[in-house]
Amino acid sequence: MFVQFIKAKTKDEAGVRAAMDRWQSELQPGADGYLGTTAGFTDDGTFIALARFDSPESAKRNSDRPEQGRWWSELEANLDGAEFVDSTDVEQWMDGGSDDAGFVQVMVGTSPDVSALQAGSREGLDRLREARPEIIGGYFIAHGDNGYVQTAYFRSEGAARQSESSEPPEDVKPMIEERMRLMGDVAYYDLHQPILRSP
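Report on the accompanying structure. (Residues numbered from 1 in each chain as written. Predicted model: local features only at pLDDT ≥ 70, side-chain atom pairs only at ≥ 80, totals over all residues. Heavy atoms only, no water.)

### Structural notes on helix α3 (residues 66-76)
Reasoning step 1: For α3, the full list of buried residues reads Q68, W71, W72 and L75. With its buried residues spanning 105 degrees around the axis, α3 presents them on a single face. In this structure, α3 carries P66 and R70 as exposed residues pointing more than 90 degrees from its buried face. (Buried < 20%, exposed > 50% of the residue type's maximum accessible area, 1.4 Å probe, protein only. Helix = DSSP H or I, 4+ residues; strand = E, 2+ residues; numbered from the N terminus. Arc of directions from axis to C-beta.)

Dropping the structure here:
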């Protein structure tokens, strides 16, 4: 899998939404290898988007289309200071993303040991399903020497917040503590009303 992550300040949310809708209806049918998009806006007006393709070659063919270039110019006019991360080092954890999610949290950070953090995404998942049934799953995206982007898809924000405020089971605490250590310097982006698209 190939993922392109985009983060930018929003100048016009309505304009961004209109561009996203137009891409889905007009450009998506011709985007070979396209797997889906997760996007949304945080409370401070940050726009977050992750576009998934089956390979970097498919993503490049899409970006090389003239209509894609015109569409990006339309979208970019509504954004300020877009930052990009491209990666093929992508792992799905639990059930991955879901268009049925009611809340998505995106974590962007640098880890003291990104390999160990990535490996941790594969461990204890059965216990996590039991302890946190509101979590659907997500993706772990590694890039550079120690950078990462992780997405977590929840059935609802209310259920996620309730679980966060509850004391975790004793046998899960060490796993959570180690994970928090490995997450290092991390920023959280909460998408309260995520834009979730699939082919």
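That shown, we press on.
### What about the environment of A131?
Reasoning step 1: Here A131 is to be found in helix α5 (residues 125-131).
Reasoning step 2: Each C-alpha atom of the pair A131 and P194 lies 24 Å from the other, and the pair is 63 residues apart in sequence.
Reasoning step 3: When sequence neighbours within four positions are dropped, the list of residues in contact with A131 reads P169 and V172. (Contact = heavy atoms within 4.5 Å.)

### Some remarks on the sheet that holds strand β8 (residues 147-154)
Reasoning step 1: Strand order in the open sheet made by the five strands is β5-β7-β8-β6-β9, with antiparallel pairing throughout. Strands with a single pairing partner mark the edges of an open sheet, and in this sheet they are β5 (89-94) and β9 (185-191). Between one strand and the next, the sheet's axes are offset by a mean angle of 15 degrees, whatever the strand orientation.
Reasoning step 2: As defined by bridge partners, strand β6 (residues 103-110) adjoins β9 across seven bridges and the pair is classed as antiparallel. (Pairing = 2+ DSSP bridges. Axes fitted to C-alpha atoms, helices over the stretch in contact; angles between N-to-C directions.)

### Describing the packing of aromatic side chains
Each pair of aromatic rings is reported with the distance of its centres and the angle of its planes.
Reasoning step 1: This structure, assessed with the given rule, holds nine aromatic pairs.
Reasoning step 2: Aromatic side chains W23 and Y34 sit 4.9 Å apart centroid to centroid with 65 degrees between the ring planes, which places their arrangement in the edge-to-face category. Here W23, found in helix α1 (residues 13-27), pairs with Y34, found in strand β2 (residues 34-41); they are 11 residues apart in sequence, far enough to count as distant. Of the two residues, W23 and Y34, both sit in the buried class. (Phe/Tyr/Trp six-rings, centres within 6.5 Å; stacked < 30°, edge-to-face > 60°.)

### A closer look at the nonpolar core
Reasoning step 1: Ranked by size, the top nonpolar core spans 21 residues in total, and within it V16, F47, W71, L75 and L79 carry the most contacts.
Reasoning step 2: Only β1 (2-10), α1, β2, β3 (46-53) and α3 provide two or more residues apiece to this core.
Reasoning step 3: For this core, the leading source of residues is α1, giving five residues.
Reasoning step 4: Excluding anything up to four places from it in sequence, L79 contacts A8, K9, T10, K11, V16, F47 and W72.
Reasoning step 5: Core analysis: the next-biggest nonpolar cluster, separate from the first, contains 17 residues, I48, L50, V90 and Y153 among them. (Core = buried A, V, L, I, M, F, W, Y, C linked by side-chain atoms within 4.5 Å.)

The values reported here are purely geometric and, on their own, carry no functional implication.
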